[in-house]
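Summary of the model geometry
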There are 4 protein chains.
Amino acid sequence: MAYFPNVDKIKYEGTKTENPFAFRHYDPDEVIEGKTMKEHLRFAVAWWHTLTQDGSDPFGAPTNIRTWITDDPMQTSKNRVEAGFEFFEKLGVEYFCFHDVDIAPEGDSLEEFLANLDEITDLIKEKMDQTGIKLLWNTANMFTNPRFVHGAASSSNADVFAYSAAQVKKGLEISKKLGGKNYVFWGGREGYESLLNTDLPLEQDNIARFFHMAVDYAKEIKHDVQFLIEPKPLEPSKHQYDYDAATTMAFLQKYDLTDYFKLNLEANHATLAGHTFEHEITVARSYNALGSLDANQGDVLLGWDTDEFPTNIYDTTLAMYQVLENGGIAPGGINFDAKVRRSSFEMEDLFLAHIAGMDTFARGLKAAAKLKEDGFFTKELDRRYASYKTGIGKAIIDGKENLSSLADYALEHDQIKNQSNHLELLKSRLNDYLV
Amino acid sequence: MAYFPNVDKIKYEGTKTENPFAFRHYDPDEVIEGKTMKEHLRFAVAWWHTLTQDGSDPFGAPTNIRTWITDDPMQTSKNRVEAGFEFFEKLGVEYFCFHDVDIAPEGDSLEEFLANLDEITDLIKEKMDQTGIKLLWNTANMFTNPRFVHGAASSSNADVFAYSAAQVKKGLEISKKLGGKNYVFWGGREGYESLLNTDLPLEQDNIARFFHMAVDYAKEIKHDVQFLIEPKPLEPSKHQYDYDAATTMAFLQKYDLTDYFKLNLEANHATLAGHTFEHEITVARSYNALGSLDANQGDVLLGWDTDEFPTNIYDTTLAMYQVLENGGIAPGGINFDAKVRRSSFEMEDLFLAHIAGMDTFARGLKAAAKLKEDGFFTKELDRRYASYKTGIGKAIIDGKENLSSLADYALEHDQIKNQSNHLELLKSRLNDYLV
Amino acid sequence: MAYFPNVDKIKYEGTKTENPFAFRHYDPDEVIEGKTMKEHLRFAVAWWHTLTQDGSDPFGAPTNIRTWITDDPMQTSKNRVEAGFEFFEKLGVEYFCFHDVDIAPEGDSLEEFLANLDEITDLIKEKMDQTGIKLLWNTANMFTNPRFVHGAASSSNADVFAYSAAQVKKGLEISKKLGGKNYVFWGGREGYESLLNTDLPLEQDNIARFFHMAVDYAKEIKHDVQFLIEPKPLEPSKHQYDYDAATTMAFLQKYDLTDYFKLNLEANHATLAGHTFEHEITVARSYNALGSLDANQGDVLLGWDTDEFPTNIYDTTLAMYQVLENGGIAPGGINFDAKVRRSSFEMEDLFLAHIAGMDTFARGLKAAAKLKEDGFFTKELDRRYASYKTGIGKAIIDGKENLSSLADYALEHDQIKNQSNHLELLKSRLNDYLV
Amino acid sequence: MAYFPNVDKIKYEGTKTENPFAFRHYDPDEVIEGKTMKEHLRFAVAWWHTLTQDGSDPFGAPTNIRTWITDDPMQTSKNRVEAGFEFFEKLGVEYFCFHDVDIAPEGDSLEEFLANLDEITDLIKEKMDQTGIKLLWNTANMFTNPRFVHGAASSSNADVFAYSAAQVKKGLEISKKLGGKNYVFWGGREGYESLLNTDLPLEQDNIARFFHMAVDYAKEIKHDVQFLIEPKPLEPSKHQYDYDAATTMAFLQKYDLTDYFKLNLEANHATLAGHTFEHEITVARSYNALGSLDANQGDVLLGWDTDEFPTNIYDTTLAMYQVLENGGIAPGGINFDAKVRRSSFEMEDLFLAHIAGMDTFARGLKAAAKLKEDGFFTKELDRRYASYKTGIGKAIIDGKENLSSLADYALEHDQIKNQSNHLELLKSRLNDYLV
């Protein structure tokens, strides 16, 4: 049985097509900078937004029409596997991501949950083997169930810490079973509602203890996985510990975790923290910690995570430029952590929305490649920082100067000439690359 | 000649007084937790806001009436020293802080600037010796002069790096000369206007090089000073590198600077970065990096640094609680990085505003001491985190558990019971301490 | 059967008590400015937050323990009536508010819904008659059900407009039946997700048509009710039409509705729109449109509606000052549109949270009365605006001047002297009223 | 003497050119929808940002190199007239805008200021006659001078009201003299720093009195000018009265001013108020009050008015679509209320920045025309709102229904079917118009 009987495999048809179920810009096999678009972009579908999300919001009941839902939770989970792989294949996406609770019902006990996970991951593995579709990453949902009301690894209740450990242990085993190359932590409840009753140092220590246990267990089961942390400043917590890329790097350095962890950066989380997506990627790269990307976009005039499908070509161009400069995003990928608007509640909107996101990233990739080819950024950086290539600038870089020697120099060179950035010209020229 | 002839030494008169030139809550000699209020609070006056700030804003010309201004910049600077010490003494504040350009005119050359600084700091030293008033910290203003248009240590122009080095060298010499115990860096232009033309890794490396040179020079001149960085997320830059406490700690760890640097935290900078002041202090303490405080408050509905005098007793209470828990703020202090509103343009408003701030901090200190005495926070933390004192929780803390052992435990203890926080009760009770 | 068997009627016990189930500041019979606190404050409990809200959030499942929930929706609704009136009585609150869907299940058809409403409102009426507790206002929930995905009166689907009409018709009939004195509209879905597909003028016209129909129907059934609109800028919509008080007044004037509608202002909605609560109340009063208050508080560092119980005494003091100046809030009241934190999930937290809110408003009322008695604000306003009491200022107010006459005056009086506001002094003195 | 000797008249050269001093998209004579681009866009240069702005910011001294500055203020003003008209002509812009203080020094008395204005406007008029360049609008700066510290028409000091009247009287006379078609009010200081000492109703009444006097004087001197108000939510004031378009319409309706006033909308002011530029234009149009546009863009992650030159093609496309739908913007225009970045301090950056803005608007115009031609929006609106064209929807629009008749209808039609918006598809398709 097909869940999307009216949708065929999505093809690239170019901008002339009037077919909404076609790519206008994403041509998976088009070669750019020596790799196909598919290889560059490593798109993943997010199980939660595509297969379990229901269209509800804090003021509204579910709107989404999803034909896989039945009265039997396990049957629904199995249907989602069917529907998911049909969707991945028709869309032509090679990766997927999930939280444990997305794929299997929690049941009434931890034991039941683990058994359910086994049964469903067997089914998923079968589908993966049949289709060649791969697991970009999985994670444990340690924020939805009421037991996490006070946190998971940071919970004030040690039993919750233990429960979380059980979930992550299983998550790592599933990761190994399915050949996942990354394992993600997003600490939605690792933060606080109020500092009045929070022992922040203890909670941070506990999270670090938890991460070290995860690293140790991955070694124990000989699963060579890249751990990723996904920063977010807030929501659902009033304040989350992994506020942004830099905050997370402070934590990882403090607790000696930089060898095992990189960052999974999300566009909407960046803007909620007061940064651009590009900023977060640049910061991560400066710490050699760019792991993977969660592709979406926020509404910068709203203060919560809207998780819209990415359609802004400025954002995808600047993100893809960083990815190209990084030599690619593998073993990470570009995961659509994005949900259809509540008013886009029909089954086929799932295709339309992913096509929108994929086309927007394809445009971004093409523009970024052209920017790189033309040296748009590098020429400008060379021009601006030329003074560090010779003379006093080079001596500074080479570690040959100190305050006294520089002060002597400055006394001789105190009538300083700066050059204009011509930033408006730069911004205007960038526009011509977006086409 | 007196600049404030109509104001006598400000005295504590209690809440019954109708005299606006009196403290209603700050009694410098009142003993709290074994120290006088004066010893706890270590108040400092900020030279820039009190003696040089003119009341202008981006849409408005100066409004402040300041009788020390003359046509001769050096005379004006000398007048400010007179006026400043008269003000500090009458106010009963024992510390002050300044940027180099606050105290002396830059003149037409670096040489002239350094000479001016020598002359004025001689005068300041004389006044300090006479009055016993001390230097909490000084800093170099490397953001106002047009030469810093592209940054200081992060400038794309190496000559600016050198010029900055000359300023900081002098700043450290002045610090030693005046017995300053802290030396502050605030990187107002160390950030970017646009990532399109910014080499972020190079700029960060250069800032680190600069800081190491400063550390080396302090050692060279045998000046045992505590270096401080003051985080701020933005303004004047679109994005500053020292975004907040955690971001700064990431940087300091990366560049091996944590032995020399702590943080100077400002309330208004905290809220601009999306945090409470209390959060920033708590984070700094978790990194053992609480250095000093810039006391002011922002308007949380405005997106720029309003630098208002602190009058919110919630904020000062929670800040002072952290200070008490920290065992005090020395060698740092509480510096009023606050300016009178543009509409409070009369000379005497300087007194009224500082009295408001000092009274508000005095109330905060008293409330914090009572909170500590009653164990308001500690009882609640003990209750909440009790599960980590025994059993599985203690085993986690003691490093005796791993994912497997915890998973076994969780299978036996998966029906988790959490307790309510009763957070509303806690917030309501807190109110009774503010009185 | 009692739902809160362990809680007795909440009494005023003053600040010495250690009993958390007692008022520390709210003494219902204490007379202030000639009226009891109870008469001033006209507190109401919100059915939705207290009796139906479940503690879920966008990332979390329900946490609230509520013993009235059964498998039978009608029985649950009846239990809520029992529990509600027990709660109102024990708390000593004289008013309540509800949406239609809060009190009765929607069933499978409109007909069934209307019948359910009849049955439950009979029960409510009986309880009201027994207890003397009154209906402050009711409203129709036209935002939760998926049918309102595109709006209610502003829906792109005319059938939804009709359905909404049926709900409001019933709502007005219920209002009459239960003696409600206000009827509220909150347009959670009256706004847009995107302007790309929105006919804003048509949608606004339709809302106005809808409001006029409601006014006409109230007249028809001879129900002399005060209509209220509750502004909110956003959430769940990306942008709501009734953004804030002023925006709503623009709409009401345009569509000739000011004779029938006033405003129901909420503190958290104010801050989401970039205003203080006090601002919104002041603006409403300037349009003679202060109707009622939704008492809560937001977290100004978060961008969504947190609906916390009010515990900030600055906010309640300034709000209550405006209420006193307004000659009271009747026929409106102070409705706790506030929910217990997700971590305050026990039944008794409902009491603790309301007590916190009531005590905070009681403190605000007492402080406001003292401010009024002392002429704190009026003296300052008299001083500041004195120039409009005589001379040229009075002539301006009296309409005797024009640009030419004023220009002549200005030529003679162009060396203008302003006076300082001493705003810092004012803010500091305000603190002494909060005690 | 030429101020820009190295810049020739800017020509359209298309996207192939490498000449930075050429238009790549703006071809003034290209015909679109029956009018030339020049006629559609009615670009204006803002005197303040281009001729007087100095590159300072709250933390930085002036950076701009401007060769017209001399030690003699009147000579500098005259030089600016020369430079301005050279700039307007070379850029090919037909309109300009100014505040009174931009064009002439205030001198030491009002009398001197008026005389200076006469002398400079004589010179400007001469230049206008020579070149055919026109005045889009002028305004009085009633916010920079310290006399406006408490407001202008809303000042607590009646002498300031009178002084403001003198300025506006002169402004209207200059408008008549120079053939200005619009006259603008921006109330930068018409708002408050704190409500604690503000008589908001009195201040609003006074502003209305002031506006009526202006209307009366324009009639008196027989100058048929369109009055415009420019909304802005805040900055420099903590809260400005003309917060946004809707707030301003509430005020204009209350005080019976809608016949004389329309709105001058600025992109950056829109985002500061929590709206998109498109939203503000749409709201203004719904009140028949779209007057003119201030073209710039803000940084949505910053909380102050950055006044950047517009380079975002999404924004200009959606704005120009509204302008086309409005039948054009005349007698208003598109005024570049935008300043070069502080780091773009060279004289020629003024050209580069305006070219960037003009090219971006030209792209927006072309995209908007194509959207209109293809019926991109209208088709979607027709589809979405089809239910109001017939049946019950049409009856609602025609005023034939009431709550009772609709309730009857709803009982028969309560199983409502909505359609998906497919918003993601719409957004993706929009991208293809931006090229």
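Small disclaimer: the values here were computed from a predicted structure and weren't measured.

What counts and what doesn't
- Residues numbered from 1 in each chain as written.
- Chains lettered and ligands numbered in written order.
- Predicted model: local features only at pLDDT ≥ 70, side-chain atom pairs only at ≥ 80, totals over all residues.
- Heavy atoms only, no water.
- Helix = DSSP H or I, 4+ residues; strand = E, 2+ residues; numbered from the N terminus.
- Rg over C-alpha atoms; globule rule 2.2 N^0.38 Å.
- Buried < 20%, exposed > 50% of the residue type's maximum accessible area, 1.4 Å probe, protein only.
- Contact = heavy atoms within 4.5 Å.
- Areas by Shrake-Rupley, 256 points an atom, 1.4 Å probe, with all protein chains shown as cover.
- Lys, Arg positive; Asp, Glu negative; His and termini not counted.
- Charge placed at Lys NZ, Arg CZ, Asp CG, Glu CD.
- Buried area = accessible area lost by both parts, 1.4 Å probe.
- Salt bridge = Lys/Arg side-chain N within 4 Å of Asp/Glu carboxyl O.
- Polar contact = N/O pair within 3.5 Å; in protein donor to acceptor, adjacent residues only side chain to side chain.
- Nonpolar A, V, L, I, M, F, W, Y, C, P; charged D, E, K, R; others polar.
- Least-squares fit on C-alpha atoms with pLDDT ≥ 70 in both.
- Pairing = 2+ DSSP bridges.
- Core = buried A, V, L, I, M, F, W, Y, C linked by side-chain atoms within 4.5 Å.
- Phe/Tyr/Trp six-rings, centres within 6.5 Å; stacked < 30°, edge-to-face > 60°.
- pLDDT = per-residue confidence, 0-100.
- Axes fitted to C-alpha atoms, helices over the stretch in contact; angles between N-to-C directions.
- Parallel < 35°, antiparallel > 145°, perpendicular 65-115°, else oblique.
- Left-handed = near helix turned anticlockwise from the far one by under 90°.
- Patch = residues over 30% accessible without salt bridge, like charges linked within 9 Å, V, L, I, M, F, W, Y side chains within 5 Å.

1. Observations regarding the overall build of chain A
Of regular secondary structure, chain A possesses 16 helices and 14 strands. A globule of 435 residues ought to have a C-alpha radius of gyration of about 22 Å, and chain A, at 24 Å, matches this closely. Across the 435 residues in chain A, those meeting the buried criterion constitute 69%. Counted over contacts in chain A with a minimum sequence separation of 6, partners at least 24 positions apart contribute 75%. When the accessible surface of chain A is totalled, it reaches about 14,100 Å², and 47% of it is carbon and sulfur. In chain A, the 45 positive side-chain charges and the 69 negative ones have mean positions that sit 5 Å from each other.

2. Here's the deal with the interface of chain D and chain A
Taken together, the contact between chain D and chain A spans 47 residues of the former and 47 residues of the latter. If you sort the residues of chain D by the area they bury against chain A, Leu301(D), Glu424(D) and Arg429(D) come out on top, with a joint share of 18%. Remark: the boundary between chain D and chain A carries eight salt bridges. Across the pair Asp432(D) and Arg24(A) runs a salt bridge, and its minimum N-O distance is 2.6 Å. If you look at where chain D meets chain A, you find 30 residue pairs in polar contact (both at pLDDT 80 or more). Elements with a minimum of two residues in the side of chain D that touches chain A: helix H11 (313-325), helix H12 (349-374) and helix H16 (423-434) of chain D. Top element by residues in the side of chain D that touches chain A is H16(D). It accounts for eight residues. A breakdown of the residues in the side of chain D that touches chain A according to their chemical character gives 14 nonpolar, 21 polar and twelve charged.

3. Looking at the relation of the copies chain D and chain A
Aligned on chain A, chain D shows an RMSD of 0.0 Å; the corresponding rotation is 180° and the shift along the axis is 0.0 Å. Overall, the copies show the geometry of a two-fold rotation axis. Using C-alpha coordinates, one finds that chain D approaches the rotation axis most closely at Val435(D), a distance of 2.5 Å.

4. Observations regarding the pairing of strand S12 (residues 261-266) of chain C
Both faces of the sheet carry side chains from a regular strand, because those side chains alternate between them. Residues and elements named next belong to chain C. The element S12 is extensively covered by neighbouring structure, given that five of its six residues are classed as buried. Looking at chain direction, strand S10 (residues 226-229) and S12 are connected through three bridges and run parallel. Along S12, the bridge assignment pairs Phe227 with Phe261. Direction of pairing for S12 relative to strand S13 (residues 290-294): parallel, over a ladder of four bridges. What sits directly across from Leu263, in S13, is Leu290.

5. So, the nonpolar core
With 285 residues, the main nonpolar core has Trp47(C) and Trp47(D) as its most contacted residues. Discounting residues that sit within four places of it in the chain, Trp47(D) has contacts with Thr52(D), Arg80(D), Val81(D), Phe85(D), Phe88(D), Phe96(D), Cys97(D), Phe98(D), Asp102(D), Ile103(D) and Ile124(D). One finds Phe4(A), Leu110(A), Ile416(A) and Ala214(B) within the second-largest nonpolar core, a separate group that totals 284 residues.

6. Description of the packing of aromatic side chains
All names here are of chain A. For the structure shown, the criterion picks out 154 aromatic pairs over all chains. Seen in terms of ring centroids, Phe85 and Phe88 are 5.1 Å apart; in terms of plane orientation they differ by 65°. Their pairing is edge-to-face. Taken as a pair, Phe85 and Phe88 lie in helix H3 (residues 73-91) at a separation of three residues, close to a single helical turn. In this structure, Phe85 and Phe88 share a single accessibility class: buried.

7. Here we look at the relation of the copies chain B and chain A
If you rotate chain B by 180° and push it 0.0 Å along the axis, it lands on chain A with an RMSD of 0.0 Å. A symmetric contact is evident, with 100% of the interface residues of chain B recurring at the interface of chain A.

8. Here we look at the confidence of the model for chain A
Confidence in the prediction for chain A averages 98 pLDDT; 100% of positions are at 70 or higher. The complex model carries a pTM of 0.98, and its ipTM stands at 0.97.

9. Considering the pattern of salt bridges
Evaluated as defined, the whole model comprises 91 salt bridges over all chains. Glu94(D) is the partner of Lys38(D) in a salt bridge, and the nearest nitrogen-oxygen pair spans 4.0 Å. Remark: Glu94(D) occurs in the loop between helix H3 (73-91) and strand S6 (95-99) and Lys38(D) occurs in helix H1 (residues 37-41); sequence separation between them is 56 residues. A relative accessible area of 28% means that Lys38(D) is categorised as partly exposed. Through salt bridges with shared partners, a single ionic network connects Arg24(A), Arg363(A) and Asp432(D).

10. Thoughts on the sheet that holds strand S13 (residues 290-294) of chain B
Residue and element names in this part refer to chain B. As summarised here, the arrangement of the eight strands in space is S5-S6-S7-S8-S10-S12-S13-S14, forming a closed barrel in which the pairing is parallel. Going across the sheet, the axis of each strand differs from the next one's by a mean of 30°, ignoring polarity. Helix H7 (residues 200-220) rests against strand S8 (182-185), strand S10 (226-229) and strand S12 (261-266) of the sheet, and its axis sits at about 160° to S10.

11. Some details on helix H16 (residues 423-433) of chain C
Counting buried residues along H16(C), eight of its eleven residues qualify, which places the element largely inside the surrounding structure. Among the residues of H16(C), Leu423(C), Glu424(C), Leu426(C), Ser428(C), Arg429(C), Leu430(C), Asn431(C) and Tyr433(C) are the ones counted as buried. Summarising the contacts, the buried residues of H16(C) are in contact with helix H11 (313-325) and helix H12 (349-374) of chain B together with helix H11 (313-325), helix H12 (349-373) and helix H13 (376-384) of chain C.

12. Points about the interface of chain B and chain A
Between chain B and chain A, the residue contacts involve 94 residues of the former and 94 residues of the latter. Taken together, the links from chain B to chain A amount to zero salt bridges. The biggest single contributor to the side of chain B that touches chain A is helix H6 (residues 158-178) of chain B, with eleven residues.

13. A few points about the packing of helix H12 (residues 349-374) of chain A against H16(D)
Direction vectors running N to C along H12(A) and H16(D) enclose 30°, while the axes themselves pass 8 Å from each other. The angle between H12(A) and H16(D) falls in the class roughly parallel. Classified by chirality, the crossing of H16(D) by H12(A) is left-handed. The residues of H16(D) that touch H12(A), namely those facing Leu352(A), Ala353(A), Ala356(A), Thr360(A) and Arg363(A), are Glu424(D), Leu425(D), Ser428(D), Asn431(D) and Asp432(D). Residues of the contact of H12(A) with H16(D), tallied by class, amount to four nonpolar, three polar and three charged.

14. Regarding the sheet that holds strand S7 (residues 134-139) of chain A
Residues and elements named next belong to chain A. Read around the barrel, eight strands follow the order S5-S6-S7-S8-S10-S12-S13-S14 and close on themselves; strand pairing throughout is parallel. Taken pair by pair, the neighbouring strands of this sheet meet at an average axis angle of 30°, ignoring direction. Of the pairings in the sheet, the one linking S7 to strand S8 (residues 182-185) comprises three bridges and is parallel in character. Looking at the pairing, Asn138 lines up with Tyr183 of S8. Along the sheet, helix H6 (residues 158-178) makes contact with strand S6 (95-99), S7, S8 and strand S10 (226-229), crossing S8 at roughly 155°.

15. Some words on unusual backbone geometry
In this structure, the amide linkage connecting Glu235(B) to the following residue, Pro236(B), adopts the cis form with an omega of 10°. Within the element layout of this structure, Pro236(B) appears in the loop between S10 and strand S11 (239-240). Going from Ala330(D) to Pro331(D), the amide bond is cis rather than trans, its omega being 5°. Of note, Pro331(D) is situated in the loop between H11 and strand S14 (334-336). One non-glycine residue, His422(A), lies in positive phi territory at about 50°. The backbone of Glu235(B) shows a phi angle near 75°, a positive value even though the residue is not glycine. Assessed through its relative accessible area of 6%, Glu235(B) is described here as buried.

16. A few points about a negative patch on the surface
Taken together, the side chains of Asp108(A), Glu111(A), Glu112(A), Asp408(B) and Glu412(B) make up a negatively charged region of the molecular surface. When residues of the negative patch are traced back to their parent elements, those giving at least two are helix H5 (110-131) of chain A together with helix H15 (403-412) of chain B. According to the relative accessible area criterion, Glu412(B) is exposed, its value standing at 63%.

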